[in-house]
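Understanding the architecture of this molecule
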Amino acid sequence: DPTAAAVGSTVAIHSLVSRPSMNGKVGVVVSAHPRGLRRWPPQTPPARSAPSFSLSVAGEASGLLLEPANLQPAAEAVEVGR
């Protein structure tokens, strides 16, 4: 279940529309953020909202903040971005 991705787990990115070049890349979950807390000013997250996840991806200068729908467990554990 990608809504329960653990910090430190390795995940694959898929189905991104705005940055399709990232699809298929593998990253490491750095942190999870309740939906409302990733916006400024912070908002109260709606009930049952899934968190978003910060990822570290090798070759990317900055981290990515992605929705659970764009993540899946990586097929094999790979040291990425550590």
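Residues numbered from 1 in each chain as written. Predicted model: local features only at pLDDT ≥ 70, side-chain atom pairs only at ≥ 80, totals over all residues. Heavy atoms only, no water.

**Focus: the pattern of salt bridges**
For the structure shown, the criterion picks out two salt bridges. Across the salt bridge formed by R19 and E60, the nearest N and O atoms sit 3.0 Å from each other. Of this pair, R19 sits in the loop between β1 (10–13) and β2 (26–33) while E60 sits in the loop between β3 (52–57) and β4 (64–66), and the two are 41 residues apart along the sequence. The class for R19 is partly exposed, based on a relative accessible area of 36%. For E60, the salt bridge goes to K25, with nearest N and O atoms at 3.9 Å. A residue pair is termed long-range when its members are at least 10 positions apart, and E60 in the loop between β3 and β4 and K25 in the loop between β1 and β2 qualify at 35 residues. (Salt bridge = Lys/Arg side-chain N within 4 Å of Asp/Glu carboxyl O. Helix = DSSP H or I, 4+ residues; strand = E, 2+ residues; numbered from the N terminus. Buried < 20%, exposed > 50% of the residue type's maximum accessible area, 1.4 Å probe, protein only.)

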